[in-house]
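In case you want the letters, here they are:
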Amino acid sequence: MAREKTSFVCSECGGSSPKWLGKCPHCGAWNTLIESVAETAAPAKNRFAALAPSARLQPLAAIEATEVARTPTGHEELDRVLGGGMVAGAVVLIGGDPGIGKSTLLLQALDALQRGGLKTLYVTGEESGAQVALRARRLGIEGSQVAVLAETSLESILATLEAERPAVAVIDSIQTVYSEQLSSAPGSVAQVRECAAHLTRFAKASGAAGGAPGGTAIVLVGHVTKEGALAGPRVLEHMVDTVLYFEGDTHSSFRLVRAIKNRFGAVNEIGVFAMTERGLRGVSNPSAIFLSQHAEPVAGSCVMVTLEGTRPLLVEIQALVDSGGPSPRRLSVGLERDRLAMLLAVLHRHAGVACADQDVFVNAVGGVRISEPAADLAVMLAITSSLRGKPLPKGFLAFGEVGLAGEVRPAPRGQERLREAAKLGFSVAVVPKANAPKRREAAFEGLTIHPVERVDEAMALMRTLG
Ligand code: TYD
Ligand code: MG
């Protein structure tokens, strides 16, 4: 195919240059020029005058609000994060570390959809057909009718999609796909963006053009960089309808799939899976899987209830405070490091707990990532417990956001969190005052609740309880 003219466009200011430069000649930003297919040049003035205006102008009231049609994937936990199932014509981006289970989950889902009578296509750019077949055998679905295409050329993939019009197509992975129109290497920002844009356009157009009823849903698999972002680009996140992330520790068997963005469902919804010998299995009652098992309470450990999406999860926060060198280290796994620095400052200023000369490590057990500030209080209690070398009482938990002024702010839907903790047999809870049940009869059986308004109150309470 003849190569179209390309130019290099600055991702900061939008200025273009005919060749690659380290520094944008327009805005002076470094390393921002990205190759893209040049638009056919037309005289800028009156460029659109000759075109007929779009006839599709309608008042909002005249447009019928149609419910999107969803097709369950046969995996309840996956459907949960998708908002009920695959939406025809939608584009889903699924990211995660290598080896976490993206290909496994999608192959399982495609097989279930195919069995349900839908036409499916699995495009593999990372593995050969034989490797996919080997995986299928391991999953016990070797008789599967899922169509497999080992291909990395965007043009060939689009031609196949056009000819086959599957209901669901998986592109594993978007980083291996390249367009012949660009000279950049596969996996580069320019290629990833261009290929994703074409595939997205195909998905959107497929519904309108007929073919499979409702069009083709496309799932793009994306790799994650060391920093934890989807390689190439946030631009992908803007383009697609749904962004899912795989989380979890590859050394443990549990995996979380979280919806970061969803035009067809709730964000922050999570699906929980366990990696077994025969693929991923949904875990329908996951609330207690992120607790490590201590026979007796240990110092530096505090359990919290996180509520992301619709399900409460109990997660153990661990802290280790140890005498550090001249420049003490602060390290966090699964929690934000900047937030940790802030909490240490609040702890010092408002509760008199000083860790300035100490190394501080914190970890959310099980590879789960907690982004909600409701973890603050548990992080502080775990740090204090480690520093003092005194465990928190048995059956203890805490949650609540902590502000810079030392105040403890309520967490959303505190009652649901407390109910889950009571159900799992926890007996002592330190929570923000606004989250404590107002009336006695609303209390939870077996769970003593200590409401606090300030950080120093929580620390003082810890002394009397411990
Ligand atoms: P994979 O789906 O290839 O990960 P990704 O596509 O995200 O890179 O997952 C591979 C890992 O999962 C690998 O370490 C082997 C393990 N696995 C199982 O434990 N059980 C199975 O049934 C399968 C297919 C894989
Ligand atoms: Mg893979």
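This text follows the structure it describes.
Quick caveat, the model's predicted, so the values are computed rather than measured.

1. Points about the sheet that holds strand S1 (residues 6–10)
Working step 1: Pairing in this open sheet of three strands is antiparallel, and the strands run S2-S1-S3 from one edge to the other. The strands lining the two open edges of the sheet, one partner per strand, are strand S2 (16–17) and strand S3 (33–37).
Working step 2: By the bridge criterion, five bridges tie S1 to S3 in an arrangement that is antiparallel. Among the inter-strand pairings, threonine 6 is bridged to a residue of S3, identified as valine 37.

2. What to know about the packing of aromatic side chains
Working step 1: Under the counting rule described, the total for this entry stands at zero aromatic pairs.
Working step 2: Above the ring of phenylalanine 399, the side-chain terminus of arginine 417 is found at 5.5 Å from the ring centroid.

3. Here we look at the packing of helix H8 (residues 376–388) against helix H10 (residues 455–465)
Working step 1: At their nearest, the axes of H8 and H10 sit 11 Å apart, and the two run at 45° to each other. By the angle class used here, H8 and H10 are oblique. Classified by chirality, the crossing of H10 by H8 is right-handed. Contacts from Leu377, Met380, Leu381, Thr384, Ser385 and Arg388 in H8 reach Val455, Ala458, Met459, Met462 and Arg463 in H10.

4. Considering unusual backbone geometry
Working step 1: Here the bond from aspartate 172 into serine 173 is cis, since omega is 5°, no more than 30 degrees from zero.
Working step 2: For asparagine 31, which is not glycine, the phi torsion reads 60° and is therefore positive.
Working step 3: One can find asparagine 31 in the loop between S2 and S3.
Working step 4: Asparagine 31 sits in the exposed class, given a relative accessible area of 62%.

5. Topic: the site of ligand 1
Working step 1: Taken together, 16 residues sit near ligand 1, with Gly99, Ser103, Thr104, Thr276 and Gly279 positioned nearest.
Working step 2: Backbone polar atom of glycine 99 to an oxygen atom of ligand 1: 2.7 Å apart, as the coordinates give it.
Working step 3: One nitrogen or oxygen atom from the main chain of glutamate 277 is found 3.0 Å from an oxygen atom belonging to ligand 1.
Working step 4: Taking 560 Å² as the accessible area of ligand 1 by itself, protein coverage stands at 77%.

6. Comments concerning helix H3 (residues 129–139)
Turn by turn, an α-helix covers 3.6 residues, leaving residues three or four places apart pointing in a common direction.
Working step 1: Along H3, the positions that sit buried rather than exposed are Val132, Arg135, Ala136 and Leu139. When H3 is viewed along its axis, its buried side chains cluster within an angular range of 105° and face the same direction. Among the exposed residues of H3, those oriented more than 90 degrees off its buried face are Ala130, Leu134, Arg137 and Arg138.
Working step 2: On its buried face, H3 sits against helix H2 (102–115), strand S7 (120–124), strand S8 (147–150) and strand S14 (279–282).
Working step 3: A positive backbone phi angle near 75° is found at glycine 140, which sits one or two residues after H3.

7. Some details on the sheet that holds S7
Working step 1: The nine strands are arranged S8-S7-S9-S10-S6-S11-S12-S13-S14 in an open sheet whose pairing can be described as mixed. Only two strands of the sheet have a single neighbouring strand rather than two, namely S8 and S14. Between one strand and the next, the sheet's axes are offset by a mean angle of 25°, whatever the strand orientation.
Working step 2: Note that strand S6 (residues 91–96) and strand S11 (residues 242–247) share four bridges and pair parallel. When the sheet's bridge partners are listed, valine 92 is paired in S11 with threonine 242.
Working step 3: Here H2 sits on the sheet and contacts S6, S7, strand S9 (168–172), strand S10 (217–223), S11, strand S12 (254–262), strand S13 (270–276) and S14; the angle it forms with S7, its principal contact strand, is near 155°.
Working step 4: Together, S7, S8, S9 and S10 form the strand contacts of helix H4 (residues 154–164), whose direction differs from that of S7 by roughly 170°.

8. Focus on the nonpolar core
Working step 1: In this structure, Ile317, Leu377, Val379, Leu381, Ile383, Leu397 and Leu447 are the most contacted members of the largest nonpolar core, which totals 65 residues.
Working step 2: Per element, the largest residue contribution to this core is seven residues, and it comes from H8.
Working step 3: Structurally, this core is a two-domain feature, drawing no fewer than three residues from each of domain 2 (72–284) and domain 3 (288–465).
Working step 4: Residue contacts for isoleucine 317: discarding those within four places in its chain leaves Gly300, Ser301, Cys302, Met304, Leu335, Asn363, Ala364, Ile370, Ala378, Val379 and Ala382.

9. Here's the deal with the pattern of salt bridges
Working step 1: According to the stated counting rule, one finds 18 salt bridges in the structure shown.
Working step 2: A salt bridge links arginine 311 to glutamate 77, with the shortest nitrogen-to-oxygen separation between them at 2.8 Å. Of this pair, arginine 311 sits in strand S16 (residues 311–323) while glutamate 77 is found in helix H1 (residues 76–82), placing the two residues 234 residues apart along the sequence.
Working step 3: Of the residues examined, glutamate 77 reaches a relative accessible area of 3% and is grouped as buried.
Working step 4: Three or more residues joined by partner-sharing salt bridges are found here, namely Glu77, Arg80 and Arg311.

So, how was this worked out
Residue positions within a chain follow its written sequence, with the count starting from 1. Numbering of ligands from 1 and lettering of chains from A proceed in the order in which they are written. Selection of residues for local features in this predicted model requires a pLDDT of at least 70, selection of side-chain atom pairs for listing and counting requires 80 or more, and totals for whole chains, interfaces and linings are taken over all residues. Side-chain measures were taken over the full set of non-hydrogen atoms in the model, leaving aside hydrogen atoms and water. Being paired, for any two strands, means DSSP has found at least two bridges between them. Counting from the N terminus, the helices are the DSSP runs of H or I reaching at least four residues and the strands are the DSSP runs of E reaching at least two. Only rings of Phe, Tyr and Trp enter the pairing, Trp through its six-membered ring, and a pair is recorded when the two centres are within 6.5 Å. The plane angle decides the type: under 30 degrees is stacked, over 60 is edge-to-face, the rest tilted. Sitting over a ring, as applied to charges here, requires NZ of Lys or CZ of Arg to be within 6 Å of the ring centre and within 35 degrees of the ring normal. In this analysis, axes come from line fits to C-alpha atoms, helices being fitted only over the stretch in contact, and the angle between any two N-to-C directions falls in the range 0 to 180 degrees. In this scheme, roughly parallel covers angles under 35 degrees and roughly antiparallel covers those over 145, while 65 to 115 is roughly perpendicular and the rest are oblique. Less than a right angle of anticlockwise turn of the near helix away from the far helix marks a crossing as left-handed, whereas a clockwise turn marks it as right-handed. Here, two residues are considered to be in contact whenever any of their heavy atoms come within 4.5 Å of each other. To sort residues, take the accessible area from a 1.4 Å probe on protein chains only and compare it with the maximum for the residue type: under 20% means buried, over 50% means exposed, and anything in between is partly exposed. For this description, a residue counts as near a given molecule or strand if any of its non-hydrogen atoms is within 4 Å of it. Pairs of N or O atoms within 3.5 Å make up the polar contacts considered here, provided that, within protein, one atom can donate a hydrogen while the other can accept it, and that residues adjacent in sequence are counted only when both atoms are side-chain atoms. Per-residue accessibility takes into account occlusion by the displayed protein chains alone, with areas from the Shrake-Rupley method and a 1.4 Å probe. Comment: arc refers to directions from the helix axis out to C-beta atoms. What makes a nonpolar core is a set of buried Ala, Val, Leu, Ile, Met, Phe, Trp, Tyr and Cys residues whose side-chain atoms join them at distances within 4.5 Å. A domain assignment, automatic or from a database, supplies the domain bounds used here. What counts as a salt bridge is simple: a side-chain nitrogen of Lys or Arg found within 4 Å of a carboxyl oxygen of Asp or Glu.

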